[in-house]
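One-letter residues, chain by chain:
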Amino acid sequence: AQTVTQSQPEMSVQEAETVTLSCTYDTSENNYYLFWYKQPPSRQMILVIRQEAYKQQNATENRFSVNFQKAAKSFSLKISDSQLGDTAMYFCAFARDDKIIFGKGTRLHILP
Amino acid sequence: DTGVSQDPRHKITKRGQNVTFRCDPISEHNRLYWYRQTLGQGPEFLTYFQNEAQLEKSRLLSDRFSAERPKGSFSTLEIQRTEQGDSAMYLCASSLVGGVSGNTIYFGEGSWLTVV
């Protein structure tokens, strides 16, 4: 069975700093998708970034980028120039053909 | 249609009562998912549909829970004889399998259930 592990329950960084959130996963599959979702307090879960496992190039979306290490089954999220609006729960997720499995999340606080 | 919508957003019910939640997915999305999320935890998979067919149910989905998607569009999640442990946010999500978005799923805002 696939599992997703986020080892950092909570993190705090100063505004404008760079922060990296860790995620590891376990699967025997070769083709799959990985995601980072953001859930602001009392608000909707939204997609931050996605990565197809067959692509070697790391995905980037503006200030958000990932470090995808397929052999190590690692998928970390880097947020550059962090902003107060980045304060949220961040969930790493794995998807194959059917359901998506989520990690337990990392609560990120951006401090002014 | 701008996203996944869920109704009601909040529901307080007495233990033992039945509750039903509705989810309207993004138009043309053929997959619809139900997840449950408790405070400080990640979403836990409950069940999903491909069009009107329910393809998988989690062991979390006891026999008090039933989900339907009769016409392959909206879905309902019913909880019978609610228990306090059912208190959680019930998230609905949808995706278009095979589309350019791949397996990206889009979430609704969730339906909060409090059982007292």
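Conventions adopted
Residues numbered from 1 in each chain as written. Chains lettered and ligands numbered in written order. Predicted model: local features only at pLDDT ≥ 70, side-chain atom pairs only at ≥ 80, totals over all residues. Heavy atoms only, no water. Helix = DSSP H or I, 4+ residues; strand = E, 2+ residues; numbered from the N terminus. Rg over C-alpha atoms; globule rule 2.2 N^0.38 Å. Buried < 20%, exposed > 50% of the residue type's maximum accessible area, 1.4 Å probe, protein only. Pairing = 2+ DSSP bridges. Axes fitted to C-alpha atoms, helices over the stretch in contact; angles between N-to-C directions. Contact = heavy atoms within 4.5 Å. Buried area = accessible area lost by both parts, 1.4 Å probe. Salt bridge = Lys/Arg side-chain N within 4 Å of Asp/Glu carboxyl O. Polar contact = N/O pair within 3.5 Å; in protein donor to acceptor, adjacent residues only side chain to side chain. Nonpolar A, V, L, I, M, F, W, Y, C, P; charged D, E, K, R; others polar. 1 Å grid on protein atoms, 1.4 Å probe; cavity = no way out; pocket = protein on both sides within 12 Å on 5 of 7 lines; lining within 4 Å. Points joined across faces, edges and corners; volume = space filled by probe spheres on them.

As for the overall build of chain A
Looking only at helices and strands, chain A features zero helices and 12 strands. Relative to the 2.2 N^0.38 estimate, which gives 13 Å for 112 residues, the radius of gyration of chain A is 13 Å and therefore close to what a compact globule would have. Overall, chain A is about 40 × 30 × 20 Å in size when its C-alpha atoms are taken along their principal axes. Across the 112 residues in chain A, those meeting the buried criterion constitute 49%.

A closer look at unusual backbone geometry
Following aspartate 7 of chain B, the chain continues to proline 8 of chain B via a peptide bond in cis, the omega torsion being -5°. Relative to the elements of secondary structure, proline 8 of chain B occurs in the loop between strand S1 (5–7) and strand S2 (10–13). In this structure, alanine 16 of chain A takes a positive phi of about 85° despite not being glycine. Relative to the elements of secondary structure, alanine 16 of chain A occurs in the loop between strand S2 (10–14) and strand S3 (19–21). Residues other than glycine seldom take positive phi values, yet asparagine 62 of chain A does so here, at roughly 55°. Its place among the elements puts asparagine 62 of chain A in the loop between strand S7 (60–61) and strand S8 (64–69).

Concerning the sheet that holds strand S8 (residues 75–79) of chain B
Residues and elements named next belong to chain B. Pairing is antiparallel across the open sheet formed by four strands, whose spatial order is S1-S3-S8-S7. With partners counted over all chains shown, the strands left at the sheet margins are S1 and strand S7 (65–68), one partner each. Put simply, the sheet's adjacent strands are angled 15° from each other on average, direction ignored. Taken together, the four bridges between S7 and S8 define a ladder with antiparallel strand orientation. Among the inter-strand pairings, glutamate 68 is bridged to a residue of S8, identified as threonine 76.

A few points about the interface of chain A and chain B
Chain A puts 19 residues into the contact, and the matching count from chain B is 22 residues. When chain A packs against chain B, close to 1,700 Å² is buried across both sides, 50% of that on carbon and sulfur atoms. Summed over the shared surface of chain A and chain B, the number is zero salt bridges. Put simply, chain A and chain B have five residue pairs in polar contact (both at pLDDT 80 or more) between them. Within the residue set of the side of chain A that touches chain B, elements represented by two or more residues are strand S5 (33–39), strand S6 (46–52), strand S10 (88–95) and strand S11 (100–102) of chain A. In terms of residue count, the dominant contributor to the side of chain A that touches chain B is S5 of chain A (four residues). Within the side of chain A that touches chain B, the residues separate by chemical class into nine nonpolar, three polar and seven charged.

Observations regarding the pattern of salt bridges
Residues and elements named next belong to chain A. The final tally for this structure, using the stated rule, is eight salt bridges over all chains. Here aspartate 26 makes a salt bridge to lysine 73, at a shortest N to O gap of 3.6 Å. Here aspartate 26, found in strand S4 (residues 24–26), pairs with lysine 73, found in the loop between S8 and strand S9 (74–79); they are 47 residues apart in sequence, far enough to count as distant. Overall, lysine 73 belongs to the partly exposed group, its relative accessible area being 25%. Through salt bridges that share partners, Arg50, Glu52 and Lys55 make up one connected network.

A short note on the layout of surface pockets
Computed from the structure, the largest pocket encloses a volume of approximately 410 Å³. Broken down by element, the residue count for the lining of the largest pocket peaks at three residues, all from S11 of chain A. A class-by-class count of the residues in the lining of the largest pocket yields seven nonpolar, four polar and six charged. By volume, the second largest pocket is sized at about 330 Å³. Lining the second largest pocket we find 18 residues, and of these Gln39, Pro40 and Ser42 of chain A together with Leu39 and Trp112 of chain B sit closest to its centre. Broken down by class, the residue content of the lining of the second largest pocket amounts to seven nonpolar, seven polar and four charged.

These figures come from the coordinates and say nothing about function on their own.
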